[in-house]
Amino acid sequence: MNALTGLPISRVDGPEKVTGQAVYAAEFRLKNLAYAALVTSTQGHGWITAIDTSHASRMPGVLAVITHENAMRLPYKPLQEHPVVDPQSGERLHVLQGNEVLFVGQPIAVVVAETQEQARGAAGLVTATYAPGPTHFTLDRKRAEPPDDPVEASGRPGETHRGDAEAAFAAAPVQLDAHYSHEREHHNAMEPHATIAAWDGDRLTLYDKSQWVDNVRSEIAHVFGMAEAKIRVISPFVGGAFGSALRTWPHVTIAALAAKHVGRPVRLELTRRQLYFSIGFRPCTEQHVRLGATADGKLTAIIQEAVGQTSVYEQYAEVTLEPPRKLYSCPNVMTRYRLVPMHTNSPCPMRAPGTATGVMAHEIAIDEMADALDIDPVEFRLRNYAEHDEDKNLPWSSKELRACYRMAAEKFGWSQRSAKPGGMRHGQAVVGWGMATAFYPANRAAASAQAVLYANGSAVVRTATSDMGPGTYTAMTQLAADTLGVPLDNVDFELGDTDMPKAPVHGGSTTLASVGNAVVAACQALREKLSGLAGPDGVPDNLPGLVALLARHGLQSVQAEAESKPGDETKRFGTAAFGAVFAEVRVDPLLGTVRVPRLVGAYDIGRVINPKIARSQCIGGMVGGLGMALLEQAEWDAKLGRVMNANLAEYLVPVNADVEHLEAILVPSEDFHFNPLGSKGVAEIALTGVAPAIANAVYNAIGRRIRDLPITPEKLLLA
Ligand code: MOS
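Residues numbered from 1 in each chain as written. Predicted model: local features only at pLDDT ≥ 70, side-chain atom pairs only at ≥ 80, totals over all residues. Heavy atoms only, no water.

A.B. asks: Got a sec to walk through the overall build of the protein chain? Specific residues and values, please.
C.D. replies: What the protein chain contains, in helices and strands, is 17 helices and 29 strands. For the protein chain, the C-alpha radius of gyration of 26 Å lies close to 27 Å, the compact-globule estimate for 719 residues. Taken along its principal axes, the extent of the C-alpha atoms in the protein chain is 80 × 75 × 50 Å. For the protein chain, buried positions account for 64% of its 719 residues. (Helix = DSSP H or I, 4+ residues; strand = E, 2+ residues; numbered from the N terminus. Rg over C-alpha atoms; globule rule 2.2 N^0.38 Å. Buried < 20%, exposed > 50% of the residue type's maximum accessible area, 1.4 Å probe, protein only.)

Written out as structure tokens, the structure reads:
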């Protein structure tokens, strides 16, 4: 039964979203709800010597002002095993437990009031004085250190060697040696982070913006020293997250603490400005790439080193250097990753964390090498095509990257390109064409789901996953309807509740390959049960037949639950999604502006469950990549240790006017070595490759390399 799988079905949750019926974390209506507002540190490091809450406490409607002086003590039990989204070393921020502040924006008090306005107004009246401490506000390479606990096998950082890269580089006939960087970036999802916390005796319910409700439950259970079974986390809709809702941030703890303090349910919604300080961000990174090649264009040495920022209390490390180990065939590869602790809030995953930035530096360097060798960039990549995963020394479970290059190049018209910079013009603008490879590892985790078929022919399928926008609701509904043999409209897919069967993190492009298989398994298990009822005639493949079957047995419903988990496939195969991105830019040499009239991407994402939504993810990723290339950056004040443009007026993200023609090609691909569904996942792959393709196009236009993203007008005019 594959009637729906592969069809371009419109989002099943679309009507709820566009009519405002979808309820987001901050919108749950609870009786007696009180509202909270944070007061945050103005110091990058120091100790609060006095905190004056007297004015705030006297303001109308104020129920409580909670600081480290009167907050309940929290046990903050260590997590036995760090979930994949938490830093592997260091200790999470303990909020309102002491007087030390470690970064600007750290919560130092919370005001609870009858209304949101009263809470925010009073929060502005809390004042603190500090004894300042020594601060580190720059990405100072002298302070770079290896991560405490590098886990090379998982692609986590440290140092890796294949062959002898230094010797091979020294001996290489053609060498490239260049530095690349990108600025700190913020997620800027439309929906602000928010939590409503409600206690009922010793039981706690949290309505939270989350990409992983099970992890919120676990984290809060450890922070409060309570049993996980006493906590329920509900998160049916997420208005964009891009990684920011993977972890459980301090404001969730504060909401629960405040609710306990005032004995009422409390809502804590972060302000737009607080989203730059109270959740994570993509850390700024500096990279040094050295490539060696023979004169006929064979890579002989790849050396890529990265230094990223982290906080002083946790080591957030990224898989920045996996791309140089996997993208091309090369006998000698060395990667080295280092962290610089700074007085900032902790960074966190954001849109292809690490991989996007590693691909960025690598793919610009590869373009530079192709240029030095006078070989077409696509041809150079094909000459160094990695036929197998040389990092793991395993065959790929699937790889249609050649098809990606070919199909995207054809669509783009790459053969018409002028290799010489400045060879194409459009009015006053210089036109440039560039391309890059896209890459993202394919991963899968254990997931469970429950399926219920009712006597009237309707079905409910549920699992504690999330849908931050990629279309989980829709893809899962399609898979469930097909497997059960009922029409799409008869299936209700439910997610985002810890009362549902366990699901893994909704991130890392893993949801379809993980939860998708669980949904199919649960629906198959349900059909097995029906098969027991049906006897030799078999289970009907149509709705009236199924309804009649249940009626014959006098059953109101039949239900089944199943788990689906990875086997040893990642020990037998390298697993990844691939792509090729081609960009056209128009650079105005007088104004230094860059327009992107065209982006064409071809992606190998395995089997496509819903081409409409997969395409939507691809063009969304392209827009994110365009932002990374040209616009997005936190303007960091290295004297005060704060983001200066902490608002959507000054932190630039692409808007419709920045985006012109986007084209996403889904190349034919299936990956049954990787998982039974054959899908590899979309999401992050679509963003990777876009920024270097644009940067390479800018070079093709003006003949000058901009190696520091974003490529802003001042860099084009002044460099
Ligand atoms: Mo994504 S950064 O795994 O939410």
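A.B. asks: How would you summarise the layout of surface pockets if you had to cite specific residues and measurements?
C.D. replies: To find the voids left in a structure, one rolls a probe of water-molecule size over its atoms. Estimates place the volume of the second largest pocket at around 320 Å³. Along the wall of the second largest pocket there are 18 residues; nearest its centre are V39, T40, S41, T42 and R273. When its residues are assigned to classes, the lining of the second largest pocket shows 9 nonpolar, 8 polar and 1 charged. (1 Å grid on protein atoms, 1.4 Å probe; cavity = no way out; pocket = protein on both sides within 12 Å on 5 of 7 lines; lining within 4 Å. Points joined across faces, edges and corners; volume = space filled by probe spheres on them. Nonpolar A, V, L, I, M, F, W, Y, C, P; charged D, E, K, R; others polar.)

A.B. asks: So, the environment of V461: which residues are in play, and what are the values?
C.D. replies: Counting through the fold element by element, V461 comes out in strand β21 (residues 459-462). V461 gets classed as buried once you look at its relative accessible area, which sits at 0%. Remark: the alpha-carbon pair of V461 and V515, spanning 54 residues in sequence, is separated by 11 Å. Here V461 is in contact with Q450, A451, A480, L484, V491, D492, F493, E494, V519 and C523, once residues within four sequence places are set aside. (Contact = heavy atoms within 4.5 Å.)

A.B. asks: Could you give an account of the sheet that holds strand β11 (residues 203-208), with specific residues and numbers?
C.D. replies: The 7 strands are arranged β3-β6-β1-β13-β10-β11-β12 in an open sheet whose pairing can be described as mixed. If you trace the sheet from one side to the other, it starts and ends with β3 (62-67) and β12 (231-234), each paired once. Neighbour-to-neighbour, the strand axes of the sheet open up by a mean angle of 20 degrees, direction not taken into account. Note: strand β10 (residues 194-200) against strand β13 (residues 266-269), 4 bridges, orientation antiparallel. Each residue of the ladder has a partner; that of T195, found in β13, is L268. Lying on the sheet, helix α3 (residues 116-123) is in contact with β1 (34-40), β3, β6 (107-113) and β13; it crosses β1 at an angle near 20 degrees. Taken strand by strand, helix α5 (residues 213-224) contacts β10, β11 and β12, and its axis lies near 145 degrees from that of β12. (Pairing = 2+ DSSP bridges. Axes fitted to C-alpha atoms, helices over the stretch in contact; angles between N-to-C directions.)

A.B. asks: I'd like a rundown of unusual backbone geometry, residues and numbers included.
C.D. replies: Cis peptide bonds are those with omega within 30 degrees of zero, and the linkage from L709 to P710 qualifies with -5 degrees. Tracing the backbone through its elements, the reader meets P710 in the loop between β29 (708-709) and α17 (713-718). A positive phi angle is found at R351, which is not glycine, with a value near 35 degrees. Relative to the helices and strands, R351 resides in the loop between β17 (333-342) and α8 (355-373). The phi dihedral of N393 falls on the positive side, at around 55 degrees, and the residue is not glycine. Relative to the assigned elements, N393 resides in the loop between α9 (377-383) and α10 (401-412).

A.B. asks: Tell me about the sheet that holds strand β7 (residues 127-132), and name the residues and values.
C.D. replies: Taken in spatial order, the 3 strands line up as β5-β2-β7 in an open sheet, and their pairing is antiparallel. For this open sheet the edge positions go to β5 (100-101) and β7, each flanked by a neighbour on one side alone. Of the pairings in the sheet, the one linking strand β2 (residues 46-52) to β5 comprises 2 bridges and is antiparallel in character. Directly across from W47, in β5, lies its bridge partner E100.

A.B. asks: Can you break down empty space enclosed by the protein residue by residue, with the values?
C.D. replies: Evaluation of the coordinates by the stated rule reveals 4 cavities of 30 Å³ or more. As for the largest cavity, its lining consists of 20 residues, of which R92, L93, T248, W249 and P250 are closest to the centre. Taken together, the residues that form the lining of the largest cavity break down as 10 nonpolar, 6 polar and 4 charged.

A.B. asks: Before we move on, can you summarise the nonpolar core with the specific residues and values?
C.D. replies: Among the nonpolar cores identified, the biggest contains 91 residues, and L291, F582, V585, L599, Y603, L630 and I694 are the most heavily contacted of them. Counting residues per element, this core draws most heavily on α8, which supplies 10 residues. In contact with V585, other than residues within four places in its own chain, are V430, V431, G432, V594, R595, V596, P597, I694, A697, V698 and A701. Core analysis: the second largest hydrophobic core is formed by 90 residues, V213, F224, A464 and L484 among them. (Core = buried A, V, L, I, M, F, W, Y, C linked by side-chain atoms within 4.5 Å.)

A.B. asks: Could you give me a rundown of a negative patch on the surface, with the residues and numbers involved?
C.D. replies: A cluster of acidic residues, E183, E635, E650, D708 and E714, forms a negative patch on the protein surface. Note that D708 resides in strand β29. (Patch = residues over 30% accessible without salt bridge, like charges linked within 9 Å, V, L, I, M, F, W, Y side chains within 5 Å. Areas by Shrake-Rupley, 256 points an atom, 1.4 Å probe, with all protein chains shown as cover. Salt bridge = Lys/Arg side-chain N within 4 Å of Asp/Glu carboxyl O. Lys, Arg positive; Asp, Glu negative; His and termini not counted. Charge placed at Lys NZ, Arg CZ, Asp CG, Glu CD.)

A.B. asks: For the pattern of salt bridges, give the residues involved together with the corresponding values.
C.D. replies: When the charged atoms of two side chains lie near each other, side chains of opposite charge can form a pair. Overall, the coordinates contain 42 salt bridges when judged by the stated rule. Here E379 and R383 are joined by a salt bridge, their closest N and O atoms 2.8 Å apart. Here R383 and E379 lie together in helix α9, a separation of 4 residues that amounts to about one turn. The partly exposed category is assigned to E379, whose relative accessible area is 32%. Across the pair E660 and R595 runs a salt bridge whose closest N-O atoms are separated by 2.9 Å. Highlighted residues: E660 in the loop between β27 (642-643) and β28 (661-666) and R595 in strand β25 (residues 593-604), separated in sequence by 65 residues. A relative accessible area of 33% means that R595 is categorised as partly exposed. Salt bridges sharing partners connect three or more residues here, namely E159, E166, R290, E305, R336 and R338.

A.B. asks: Outline the pairing of β1, supporting the account with residue identities and numerical values.
C.D. replies: When you tally the buried positions in β1, you get 5 out of 7 residues, the bulk of the element. Summarising the sheet, β1 and β13 pair through 3 bridges and their orientation is parallel. Paired with Y35 across the bridge in β13 is R267.

A.B. asks: I'd love a proper account of the side chain of E684, names of residues and values included.
C.D. replies: For E684, the position within the fold is in the loop between β28 and α16 (690-702). In this structure, E684 is buried with no salt-bridge partner, the nearest side chain bearing the opposite charge being R282 at 7.4 Å. Among the polar contacts listed, one links the side chain of E684 to the backbone nitrogen of G508, at a separation of 3.0 Å. Residue contacts for E684: discarding those within four places in its chain leaves R351, A352, P353, Y440, G507, G508 and S509. (Polar contact = N/O pair within 3.5 Å; in protein donor to acceptor, adjacent residues only side chain to side chain.)

A.B. asks: Before we move on, could you go through α16 and cite the residues and values that matter?
C.D. replies: If you check α16, its first and last C-alpha atoms are 19 Å apart, about what 13 residues at 1.5 Å a residue would give, namely 18 Å. Buried residues dominate α16, accounting for 12 of its 13 residues. Of the positions making up α16, those classed as buried are V690, A691, P692, A693, I694, A695, N696, A697, V698, Y699, N700 and A701. (Expected span 1.5 Å × (residues − 1).)

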